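# Tertiary structure, described
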Amino acid sequence: MTEGIQKIVAELPGLTDVTGVNAIVDERVARGEAAFAADLGIALSAARKAAGPSAWQYESVLDHLLRLLATTPGPENAAQALRLVASAFDSSGKGARYPASLLTTGHAAADLALAFTGAASDEFRSCLVQELVLRGAPVAQNPVIATWAAAPERRGHPLTWLPLTLAGIESEAALPSHGVGSSGWARPYGPSSHRSVAMARDTIATGAVDATSPAQAAAMAAAVATWTDESNGRVEARVFDLTEPLEAGSIPGALLTLGLECLADVGKSSGLSGAMRTPPEAWRVLFAAASTGGAYGYGAFGAYGRLATWRSMAALVESPKDATPAEIEARALDYVWYGFDADTEWFEQVAWDFGLAALSPNRRRLAVLAATDTD
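Residues numbered from 1 in each chain as written. Predicted model: local features only at pLDDT ≥ 70, side-chain atom pairs only at ≥ 80, totals over all residues. Heavy atoms only, no water.

## Looking at the pairing of strand E9 (residues 365-373)
Counting buried positions over the nine residues of E9 gives nine, a clear majority of the element. Burial along E9 is two-sided: Arg365, Ala367, Leu369, Ala371 and Asp373 facing one way and Leu366, Val368, Ala370 and Thr372 facing the other are all buried. In the sheet, strand E5 (residues 234-242) pairs with E9 via eight bridges, with the strands oriented antiparallel. If you follow Phe240 over to E9, its bridge partner there is Leu366. Taken together, the eight bridges between strand E8 (residues 352-359) and E9 define a ladder with antiparallel strand orientation. Looking at the pairing, Phe354 lines up with Ala371 of E9. Here E8 hands over to E9 after five residues, with Arg363 in that stretch at a positive phi of 65°. (Buried < 20%, exposed > 50% of the residue type's maximum accessible area, 1.4 Å probe, protein only. Helix = DSSP H or I, 4+ residues; strand = E, 2+ residues; numbered from the N terminus. Pairing = 2+ DSSP bridges.)

Put into structure tokens, the structure is as follows:
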């Protein structure tokens, strides 16, 4: 440890503002001294363990160092970011998701291939692969990454079920934009007052049988699991068998007859708000919900967000348990999709509101997933 790093580590707990330390690191990295940032991060990680949770300064600067190296392009910055993750972060479990998302924002697959030969956890590597796929990186054409991903020992990992290329239905996935100081997400949902939508006030009389099983409901809600597990979210997941075929244009009115909790108090003055959605638009809503999370928590990030999205989509279109993503996509393309929300007491009407209805090709099955959250 250099004298400069020792001084920063020793003085950091006494600071009320760490912007000065961050500025020093920014300048050093701008001069090409990425190793200094990684060395400092490793030293801070060791000091943080000794200091305990009260030393917020260590956490703040360590996060800044990771973001700086992860989002600043260049092979050396990528190499030092990977070194920092391997040495200073617990990336053996859920802790792998955040740095993998950051790194793929600022670095190409070629610069991150070092993670698959150097010191990195398999969980971090698995997340890194899928984060790269989501950004359109041709990982299957990178010999180092492709060889690692194809190894027999990978087959038991849940993320290996996902393909190494994007399906057409995933073309509208909204990915986060990470910077040194902040992250941004595009959320393709929210209160209806923030969108231009049609109002459906007339009900359609149709016979329906609630055919929801607990397993189905849980699978449909996979994309919003963190909304309830980590935040204040509410979710309604229901499947209905219809006695008569339902026309696509009648979905809004039919929704008002099904006894949905989320639409229980829709009245003549505040009708159901919604619009027809394409399968890629439906996938985009689910992925944003899964990857970014609700009002609290950070969601599942890209890799596990992609997995949760496919699980929700599979349940919504009643795919067999052994269906592949390609088979699930084929079914989803044959369904009619409708997005909705309403000014009801169930929907929080803050920023995290959406409803999706999926009508089967024979028009006799309607699956509904609604979610809301608040801070």
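Resuming the write-up.
## Overview of empty space enclosed by the protein
If you walk through the whole model with that rule in mind, you get one cavity of 30 Å³ or more. Of the pockets and cavities examined, the largest cavity occupies roughly 40 Å³. In the lining of the largest cavity, the residues fall into three nonpolar, three polar and one charged. (1 Å grid on protein atoms, 1.4 Å probe; cavity = no way out; pocket = protein on both sides within 12 Å on 5 of 7 lines; lining within 4 Å. Points joined across faces, edges and corners; volume = space filled by probe spheres on them. Nonpolar A, V, L, I, M, F, W, Y, C, P; charged D, E, K, R; others polar.)

## Re the packing of helix H3 (residues 34-51) against helix H4 (residues 56-71)
In the contact formed by H3 and H4, the axes pass within 9 Å of each other and the chain directions differ by 150°. Taken together, the axes of H3 and H4 lie roughly antiparallel to each other. For the pair H3 and H4, the sense of crossing is left-handed. The residues of H4 that touch H3, namely those facing Ala34, Ala37, Ala38, Leu40, Gly41, Leu44, Ala47, Arg48 and Ala51, are Tyr58, Glu59, Val61, Leu62, Leu65 and Leu69. Looking at the contact of H3 with H4 residue by residue, the classes come out as 12 nonpolar, one polar and two charged. (Axes fitted to C-alpha atoms, helices over the stretch in contact; angles between N-to-C directions. Parallel < 35°, antiparallel > 145°, perpendicular 65-115°, else oblique. Left-handed = near helix turned anticlockwise from the far one by under 90°. Contact = heavy atoms within 4.5 Å.)

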